[in-house]
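For reference, the chains in residue letters:
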Amino acid sequence: MATSLQLPSDVEAMSAQDVLRFCVEQFADRVALACSFQKEETVLLDMLFAIEPKARVFAIDTHYLFPETYELWGEVERRYDTKVERYEGAGVEDGVWQTKPDLYLAIAKVEPLNRALLDLDGWITGVRRDQSPTRANAPKLGWDDAHELWKANPLADWSDDDCWTYIRERELPYNALHDRGYESIGDTHSTIPGAGREGRWAGTERTECGLHVEREA
């Protein structure tokens, strides 16, 4: 794995498309977009497939995604003539996300993600700095210590308005839940309408599900 990859000196000044293009050029089929079928991925899918029509995309299916999310999943595959790689965790009992939320996330999200990243040298996410304090310092491209590969956040400096402007100008399909007040979309049992990530794990101190938490030194 190329841990010594030479990044452009102006990586933070690069556009989202330039970051994606750099990743495709450097990693070829060993880079993939992690898709949660939210507005950020709507933008990234359009950009990525314009650069590489055979780009790899994967999604984690917890079996508790919203019907609207599954509907968009199928629409994405048809629109871009692609097959989104599906990663699933072991089954869990109903309600375990309330009684043992850390265990649920470890089984349903973290373990499948780790498998998805095994054969990759880099992954692409829709993380934006203004989504939450835990994401405020996300680089556009950097080494991911937690997963031991390169991680690209091409939309790190984008806003909600930037995403919606891009989507509307190109008339792209997006998750219908966004029109119902869901700014961030996860599982049915832990997502309610809300601004930013306020609707995720509402009523708890949690804002992250473990996929984008940096390893502590």
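Since this is a predicted model, take the numbers as computed values, not measurements. (Residues numbered from 1 in each chain as written. Predicted model: local features only at pLDDT ≥ 70, side-chain atom pairs only at ≥ 80, totals over all residues. Heavy atoms only, no water.)

Q: Explain the environment of Asp-18 to me, using residue names and the numbers behind them.
A: Here Asp-18 shows up in helix α1 (residues 16-27). Asp-18 sits 136 residues away from Pro-154 along the chain, and the two C-alpha atoms are 8.4 Å apart. (Helix = DSSP H or I, 4+ residues; strand = E, 2+ residues; numbered from the N terminus.)

Q: Can you explain helix α3 (residues 67-79)? Please cite residues and give values.
A: Taking 1.5 Å as the rise per residue, α3 with 13 residues should run 18 Å; its terminal C-alpha atoms sit 18 Å apart, in good agreement. Looking only at α3, the buried set comprises Glu-68, Thr-69, Leu-72, Trp-73, Gly-74, Val-76 and Glu-77. Elements in contact with the buried residues of α3: α2 (39-51), β2 (56-60) and β3 (85-87). One or two positions beyond α3, positive phi appears at Asp-81, with a value near 50°. (Expected span 1.5 Å × (residues − 1). Buried < 20%, exposed > 50% of the residue type's maximum accessible area, 1.4 Å probe, protein only. Contact = heavy atoms within 4.5 Å.)

Q: Tell me about unusual backbone geometry, and please be specific about residues and values.
A: With a phi close to 50°, Ala-28 is a non-glycine residue in the positive phi region. Here Ala-28 lies in the loop between α1 and β1 (31-34). Of note, the phi angle at His-63 is positive, near 75°, even though the residue is not glycine. Residue position: His-63 is located in the loop between β2 and α3. Of the residues examined, His-63 reaches a relative accessible area of 44% and is grouped as partly exposed.

Q: Kindly report on the nonpolar core, identifying the contributing residues and their values.
A: One finds Phe-37, Val-43, Leu-45, Ile-124 and Trp-158 to be the most contacted residues of the largest nonpolar core, which totals 40 residues. For this core, the secondary structure elements donating two or more residues are α1, β1, α2, β2, α3, β6 (149-152) and α6 (160-170). Ranked by residue count, the leading element in this core is α1, at seven residues. Among the nonpolar cores identified, the runner-up in size contains 11 residues, and Ala-32, Phe-58, Tyr-87 and Ala-116 belong to it. (Core = buried A, V, L, I, M, F, W, Y, C linked by side-chain atoms within 4.5 Å.)

Q: Talk me through the packing of aromatic side chains; I want residue IDs and the actual numbers.
A: In total, this model carries 11 aromatic pairs according to the counting rule given. Joined through ring pairs, the aromatic side chains of Phe-37, Tyr-70 and Trp-73 make up one cluster. The aromatic ring of Tyr-166 is capped on one face by Arg-170, whose charged end is 3.6 Å from the ring centroid. (Phe/Tyr/Trp six-rings, centres within 6.5 Å; stacked < 30°, edge-to-face > 60°. Lys NZ or Arg CZ within 6 Å of the ring centre and 35° of its normal.)

Q: Tell me what's going on with the sheet that holds β2, and back it up with residues and numbers.
A: Spatially, six strands are ordered β3-β2-β1-β4-β6-β5 in an open sheet, and the strand pairing comes out mixed. With partners counted over all chains shown, the strands left at the sheet margins are β3 and β5 (141-144), one partner each. On average, each strand axis in the sheet is tilted by 30° relative to the strand beside it, whichever way the strands run. Lying over the sheet, helix α5 (residues 101-117) contacts β2, β3, β4 (122-124) and β6, oriented at roughly 160° with respect to β2. (Pairing = 2+ DSSP bridges. Axes fitted to C-alpha atoms, helices over the stretch in contact; angles between N-to-C directions.)

Q: Outline the side chain of Glu-77, listing residues and values.
A: Within the secondary structure, Glu-77 sits in helix α3. For the buried Glu-77, no salt bridge is present, and the opposite-charge side chain at shortest range is Lys-83, 4.0 Å distant. Non-local contacts of Glu-77, meaning those with residues more than four positions away in its chain, are made with Thr-82, Lys-83 and Val-84. (Lys, Arg positive; Asp, Glu negative; His and termini not counted. Salt bridge = Lys/Arg side-chain N within 4 Å of Asp/Glu carboxyl O.)

Q: Tell me about the environment of Gln-26, and name the residues and values.
A: Inspection of the secondary structure assignment puts Gln-26 in helix α1. Given a relative accessible area of 41%, Gln-26 falls into the partly exposed group. C-alpha of Gln-26 to C-alpha of Gln-6: the two residues are 20 residues apart in sequence and 10.0 Å apart in space.

Geometry only, nothing functional implied.
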